[in-house]
Structures are given as C-alpha cells and as structure tokens.
Amino acid sequence: MRTCGNTSDVLVVGGGIIGLVTAWRSARLGLSTAVIDPEPGGGAAGVAAGMLAAVTELHYGEQMLLGLNLASAARYPEFVAELEEATGQGTGFRTCGTLSVALDSDDRAHLRELHALQQRSGLDSEWLSGRECRRLEPMLAPGVRGGLRVDGDHQVDPRRLASALVTACERAGVVFHRVWAQRLLVARGRATGVVLAEGTETSAGQVVLAGGSLSGRFEGLPEAVVPPVRPVKGQVLRLTVPPAYAPFLSRTVRAVVRGSHVYLVPRANGELVVGATSEELGWDTTVTAGGVYELLRDAHELVPGITELPLTETRAGLRPASPDNAPLLGPTALPGLHLATGHHRNGVLLTPVTGDVMAQVLTTGELPEVARPFTPGRFGPSPAALSPAPASQEQPA
Ligand code: GLY
C-alpha cells in the first residue's frame, strides 16, 4: 500500500454538487479539504432539470422535508450571488416561477388536493382557471382545466451550477483527487481516510460520504453505517427553442398526466428541459424508446407546439433515494464519518443548505437545528451497535 502525502481536515468522497458544495463551504471556513471523484461536477446534476420546487413538489407525508426545502430555497439568491462572484461564472438561476396545470377532471382533483395541502402548510400558491393559465402561457393546450401559480418556485441550470462549484472549490484551495475512491480506512473504531483507486492512501480528520446513489456501495463501511440509499432512474429530454419561437414558455410548466409527472423547464438560453420518468430499475441508465415516448406524449398534451422543436439530447440519471425521501446529513455512528447523501428529487434545491449544514458540523461538531431531523441515525442502529470493521480494513493508528 502506498501512502499519499496528502492529509486534510476533510475528505469528501464524491464530487457531484452535494460533495462540491460541502467542500467549498468547508474550505471557506478554513478547513483543508479534498474531494475524490474521477470527474468532479458530474453525477445526477448533469441530467437534472434544476427546478427549485419546494412548493410545487410538496408531497403528503413529506412536511418535515418541506422545512429543509424552504430553508434552502430561501438561501438560493444569496448563494448563487456568492458563487457567481467567487467564480465569475453564471449558474442560470432564474426567478421565473412555476405553473402546475391540470388537463382533465382527475388531474384537477389532484391539483386541488395539492393546493389544499399547500394552504394548510402556509405556502403561497394561487388557483387559476384554464383561461387564466393560458393568458400566462399562451402555448398551453386549449384543454387545460385549471392550474396553480407558484411564483416562488424558481430554477437553476444544474450543469452550470456544478461547473461553478468546481471552480469555486479550486479557488478556495480544495484539492481534487481525480480518481475513484476505492474504500474507507478505519482505524481503532474511527474513519481515518480513503484508499484511492490506484492504491494510494489519503488520510483526513473527517470523511464525508457524498456519493449520490453509489453511497451505499462504498467499500469498507461497517455494516451499521451503510447508508440506505437506492437509485431511482429519471429519463430527461433537452430540446431547443429556436429564436423565432421565443418566448416559448416564460416559466416552468408542469402537470400530472394520468398519474405521471411531467415538467417543462425553459432556460433563458433557449434550452427546454422535459422530465422526468421515475423508475425503480436499479443501476440501469438506458434511455428507452418508451421513456422518451411517454415524456413527449405527456409534454405534447400540455404544450402541443413542442413537436416543432429540435430534440437535442436524451439522458437518464439516478436519483439517490432514501427510505423517507429525505437526505441523510451529518455524523454517523462511526466517529469521523459523515454522510451528505440521499437527496432524491431535491439535490439541486438542497445544495445551499447542505453546504452550510455540512460545513458547520465539520467545523464545530454541532449539526444546525434545521438539519437535525435528517441525521443518518434515524434509520440505523445506535453507535453501540456498530459492528467492528473487518480485520483487512483496519489500519494501524
Ligand atoms: N425534482 C425533479 C425530479 O426529480 O424529477
């Protein structure tokens, strides 16, 4: 085993937006920080549409998550301003609002229920008639029966966000190991570092596992701290609105069509993102004819003019989902090991609050109040139940 000269205060496994924001915020608080990822800035953010949909994606049973989502949404303007100033790069943050519409009476009943839940939760949303929806968005189908206007649900471009976070990390002095992380190092009951793919070791005072849907597959984790994260496939399309057709849509438009969610996210640069399937198919990331067909069929019912637009990209990504759809944030039962994973549908939305929460717990040892319902311990055994790591993983202290 070769030992790498690098030792850091914090070692982040995974350079997607969650790992990057954790590293950036930690470095800014003075911690020496390194990120391990063969392609930092990749991951699920390369596929995601970037809706910041705390209100329109409210689900029954997820009111606890709503608090975290709203806290992160509120931080977005300042967060992107800081990031853009630190890097000179744009993030495509657009305060355009969202319109959720219904195409038939079932959809409308569903949307009425969502509106009632939003009102009970103290959220701002306004019920509009079909005619009022079409006045806002003239490209909507004539059959739209009504909708919910949510002016506070915005969007960001996740690819530009990821790219800016890489630059911000570099400028803050974060070290990048552009290889796969092979396994966790554990010594005397504590996480002490990571073995990199080529066999070198790098050590750290604290390790953060931010591996997205791969987090549960990281080798060397004692069984008691393996995060219960599974991949949920999402297929997403990108179309281009030619200048002659602009503005095609002025805000995010979404609907539930026969039980499937479809959304159209218009970027200022003419890109129109259409998503997304939600499929429990393990590690499969195939783009299928059926997935593309269903997205285009549902999007076409909402906005018939979409069939005129060039289809420029089809991709599938994996959401890292936890058993309660909420993230796992903060210390695990293994001293020195933290998690920042399991963000499921909300990774882009939760990026600012995750960075702040993780940097604070890594700096002070205290998890901020807003993140306390999301500790990894809510799924796992207590520290006393921590099984010892296999002998082969133990390193002399
Ligand atoms: N938040 C959108 C999605 O996961 O598809």
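Report follows, based on the coordinates. The structure presented is a predicted model; accordingly, all values stated were derived computationally and were not measured. (Residues numbered from 1 in each chain as written. Predicted model: local features only at pLDDT ≥ 70, side-chain atom pairs only at ≥ 80, totals over all residues. Heavy atoms only, no water.)

## Remarks on the packing of helix H2 (residues 63–87) against helix H5 (residues 158–171)
Link 1 in the chain: Their axes nearest at 9 Å, the elements H2 and H5 cross at an angle of 60°. Of the possible angle classes, the one that applies to H2 and H5 is oblique. Relative to H5, the crossing made by H2 is left-handed. Counting all contacts with H2, which are made through Tyr-76, Phe-79, Leu-83, Ala-86 and Thr-87, the residues of H5 involved are Leu-161, Ala-164, Leu-165, Thr-167, Ala-168 and Arg-171. (Axes fitted to C-alpha atoms, helices over the stretch in contact; angles between N-to-C directions. Helix = DSSP H or I, 4+ residues; strand = E, 2+ residues; numbered from the N terminus. Parallel < 35°, antiparallel > 145°, perpendicular 65-115°, else oblique. Left-handed = near helix turned anticlockwise from the far one by under 90°. Contact = heavy atoms within 4.5 Å.)

## A few points about the site of the ligand
Link 1 in the chain: Neighbouring the ligand are the residues Met-51, Glu-57, Tyr-263, Ala-276, Arg-319 and Arg-345.
Link 2 in the chain: Contacts to the ligand include Glu-57, whose side-chain N or O atom sits 3.1 Å from a nitrogen atom.
Link 3 in the chain: Between the ligand and the protein, one listed contact pairs a nitrogen atom with a backbone N or O atom of Arg-345 at 2.9 Å.
Link 4 in the chain: Calculation on the ligand without its partners gives an accessible area of 200 Å², and the protein chains cover 85% of this total.
Link 5 in the chain: The residue makeup of the shell around the ligand, split by class, is 3 nonpolar, no polar and 3 charged. (Near = heavy atom within 4 Å. Polar contact = N/O pair within 3.5 Å; in protein donor to acceptor, adjacent residues only side chain to side chain. Areas by Shrake-Rupley, 256 points an atom, 1.4 Å probe, with all protein chains shown as cover. Nonpolar A, V, L, I, M, F, W, Y, C, P; charged D, E, K, R; others polar.)

## Points about the pattern of salt bridges
Link 1 in the chain: One pass over the full model with this rule turns up 22 salt bridges.
Link 2 in the chain: Note that Glu-57 and Arg-254 form a salt bridge whose closest N and O atoms lie 3.1 Å from each other. On the criterion of sequence distance, the pair formed by Glu-57 in the loop between strand S3 (51–52) and H2 and Arg-254 in strand S13 (residues 252–257) is long-range, its members being 197 residues apart.
Link 3 in the chain: By relative accessible area, Arg-254 is classed as buried at 5%.
Link 4 in the chain: Among the ionic pairs, Arg-297 bridges to Asp-298, the shortest N-O distance being 3.1 Å.
Link 5 in the chain: Accessibility expressed as a relative area gives 28% for Arg-297, which makes it partly exposed.
Link 6 in the chain: Salt bridges here are not isolated pairs; linked through shared partners, they connect Arg-25, Arg-28, Arg-75, Glu-82 and Asp-356. (Salt bridge = Lys/Arg side-chain N within 4 Å of Asp/Glu carboxyl O. Buried < 20%, exposed > 50% of the residue type's maximum accessible area, 1.4 Å probe, protein only.)

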